[in-house]
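Okay, here's what each chain looks like letter by letter:
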Amino acid sequence: MAADAQKVTEVIHWDENLFSFRVTRPTTLRFRSGEFVMIGLPDENGKPLLRAYSIAAPSWADELEFYSIKVANGPLTSRLQHIKAGDEIILRPKPVGTLVHDALLPGKRLWLLATGTGFAPFASILRDLETYERFEEVIVMHTCRKTSELAYGAEIIESLNEEPLNEIAQGRVHYYPTTTREESKYMGRITDNISSGKVYADLGIAPIDPASDRAMVCGSYAFNIDVKRLLESLGLREGANSEPREFVVEKAFVGEGL
Ligand code: FAD
Ligand code: A2P
């Protein structure tokens, strides 16, 4: 294999716009759950065409997993969406990111707030035992336009009922998937469902309290800004690796979205 090449072991298409895939893990790669790396394919001149991707697998996993959008004219994903088991991708083994436990102060409840592919880093955090050592409860709010876009997240939540996570995670994860443009059990934007108190009422849980609650936020630029404002209005402060506080934010992508 070429330098930094990893072999694709599995690809799952969730709908016409979303897929996930697994690749071999470089033996020397260490990462913290929630971090991202640069991955890609060679372009037509053989030069690496790389994009930032959250590692969706937890830090203990043998293989790496990624959850991806398919952008019709996207330089990378117009091609990446066609990968198959046995193909190779490029992976630069330099993980970074702010959606990590080290950037949060200790607390009792962890809120994971994502739109779209912003769920990817939380697929990692949710499958990390450390999450359940650090927090008593985890509340997952994932919002998409339509129900098919929630399928990958639902499967990850379902997988928490399997070994090795079932013993530690069971009964401690509250899952609140919502759609905004198609009918489903729970509807509405994350910001609205927190501001109105609907999510507290539907799940039967206490409101966000800066003394005990921590949050990780991952979505579009506009979503991140609005959630940041909302959390700050509730008394939480944004943290970083160098200065752990009550919440952390990362972009799910750069640009306006699809
Ligand atoms: P690009 O030229 O990169 O993007 C074209 C346009 O498509 C963008 O301007 C934007 O408007 C839209 N777009 C790009 N990505 C998305 C997206 N994920 N959701 C909605 N609209 C989008 N993408 C993933 O699919 N999964 C990830 O785990 C992921 N993690 C990221 C982590 C970070 C820190 C950042 C900055 C970006 C991440 N991205 C992720 C986005 C990713 O880097 C690429 O933008 C994406 O793969 C599309 O690449 P492209 O070359 O096909 O199109
Ligand atoms: P809505 O359908 O009301 O715009 P997108 O695909 O545009 O990135 O949006 C993904 C999901 O995030 C959609 O359900 C969308 O709701 C929601 N969303 C987009 N922007 C915001 C925001 N600023 N605050 C809260 N939710 C948002």
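Provided above is the structure to which this section pertains.
If you're wondering where the values come from, they're calculated on a predicted model, not measured in any experiment. (Residues numbered from 1 in each chain as written. Chains lettered and ligands numbered in written order. Predicted model: local features only at pLDDT ≥ 70, side-chain atom pairs only at ≥ 80, totals over all residues. Heavy atoms only, no water.)

Colleague: Just checking my understanding: could you explain the packing of aromatic side chains for this structure?
Modeller: All chains considered together, the criterion is met by eight aromatic pairs. Ring geometry for tryptophan 14 and tyrosine 152: centres 5.5 Å apart, planes at 75 degrees, overall edge-to-face. With tryptophan 14 in strand S1 (residues 5–15) and tyrosine 152 in helix H4 (residues 151–159), this residue pair connects regions lying 138 residues apart in the sequence. With respect to burial, tryptophan 14 and tyrosine 152 carry one shared label: buried. Members of the aromatic cluster, connected to one another through ring pairs, are Trp14, Tyr67, Phe119 and Tyr152. (Phe/Tyr/Trp six-rings, centres within 6.5 Å; stacked < 30°, edge-to-face > 60°. Helix = DSSP H or I, 4+ residues; strand = E, 2+ residues; numbered from the N terminus. Buried < 20%, exposed > 50% of the residue type's maximum accessible area, 1.4 Å probe, protein only.)

Colleague: What exactly am I supposed to notice about the nonpolar core here?
Modeller: Generally speaking, soluble globular proteins have nonpolar side chains that are buried together. Counting residues in each nonpolar core, the largest one holds 30 residues, and the members touching the most others are Leu112, Phe119, Phe122, Leu126, Tyr152 and Met216. When contributions to this core are tallied by element, the ones reaching two or more residues are strand S7 (109–115), helix H2 (120–126), strand S8 (137–144), H4 and strand S10 (213–219). Sort the elements by how many residues they give to this core and H2 lands first, with five residues. Two domains each provide a minimum of three residues to this core, namely domain 1 (5–96) and domain 2 (101–251). Each residue touching phenylalanine 122, except ones within four places of it in the same chain, is listed here: Leu99, Leu112, Leu113, Ala114, Met216, Val217 and Cys218. (Core = buried A, V, L, I, M, F, W, Y, C linked by side-chain atoms within 4.5 Å. Domains from an automatic or database assignment. Contact = heavy atoms within 4.5 Å.)

Colleague: Hey, could you run me through H4 in this one?
Modeller: An α-helical segment advances 3.6 residues per turn. Residues three or four places apart therefore align on the same side. Of the residues making up H4, those classed as buried are Tyr152, Gly153, Ile156, Ile157 and Ser159. One side of H4 carries all its buried residues, which in axial view fall inside an arc of 160 degrees. Of the surrounding elements, those touching the buried residues of H4 are S1, strand S2 (18–24), strand S5 (63–69), H2, S8 and strand S9 (173–179). (Arc of directions from axis to C-beta.)

Colleague: Looking at this structure, I do not really get the sheet that holds S7. What am I missing?
Modeller: In sheet architecture, strand pairing relies on hydrogen bonds along the backbone and comes in two forms, parallel and antiparallel. If you trace the five strands from one edge of the open sheet to the other, you get S9-S8-S7-S10-S11, paired in parallel fashion. Among the strands making up the open sheet, the edge pair consists of S9 and strand S11 (247–251). Strand after strand, the sheet turns through a mean of 10 degrees between neighbouring axes, direction not considered. (Pairing = 2+ DSSP bridges. Axes fitted to C-alpha atoms, helices over the stretch in contact; angles between N-to-C directions.)

Colleague: How should the pairing of strand S6 (residues 88–96) be read in this particular structure?
Modeller: Taken residue by residue, a regular strand's side chains alternate between the two faces of the sheet. Judged from the three bridges that link them, S1 and S6 form a sheet pairing that is antiparallel. Residue pairing in the sheet places lysine 7 in a bridge with glutamate 88 of S6. The pairing of strand S3 (residues 36–42) with S6 spans four bridges and is antiparallel. Opposite methionine 38, over in S6, you have arginine 92 as the bridge partner.

Colleague: Could you clarify how one ought to interpret the pairing of S2 in this entry?
Modeller: With five of seven residues buried, S2 is to be regarded as a mostly interior element. Two elements, S1 and S2, share six bridges in a ladder whose sense is antiparallel. Bridging from a neighbouring strand, aspartate 15 pairs with leucine 18 of S2. Hairpin geometry of S1 and S2 is characterised by an intervening segment of two residues between the two adjacent antiparallel strands. Of the strand pairs in this sheet, S2 and S5 are connected by seven bridges, and their pairing is antiparallel. Opposite threonine 24, over in S5, you have glutamate 63 as the bridge partner.

Colleague: Before we go on, may I ask you to explain the sheet that holds S6 in this structure?
Modeller: Pairing is antiparallel in the open sheet, where six strands are placed in the order S4-S3-S6-S1-S2-S5. The outermost strands of the open sheet, each flanked by one partner alone, are strand S4 (48–54) and S5. Ignoring which end each strand starts from, the neighbouring axes of this sheet average 35 degrees apart.

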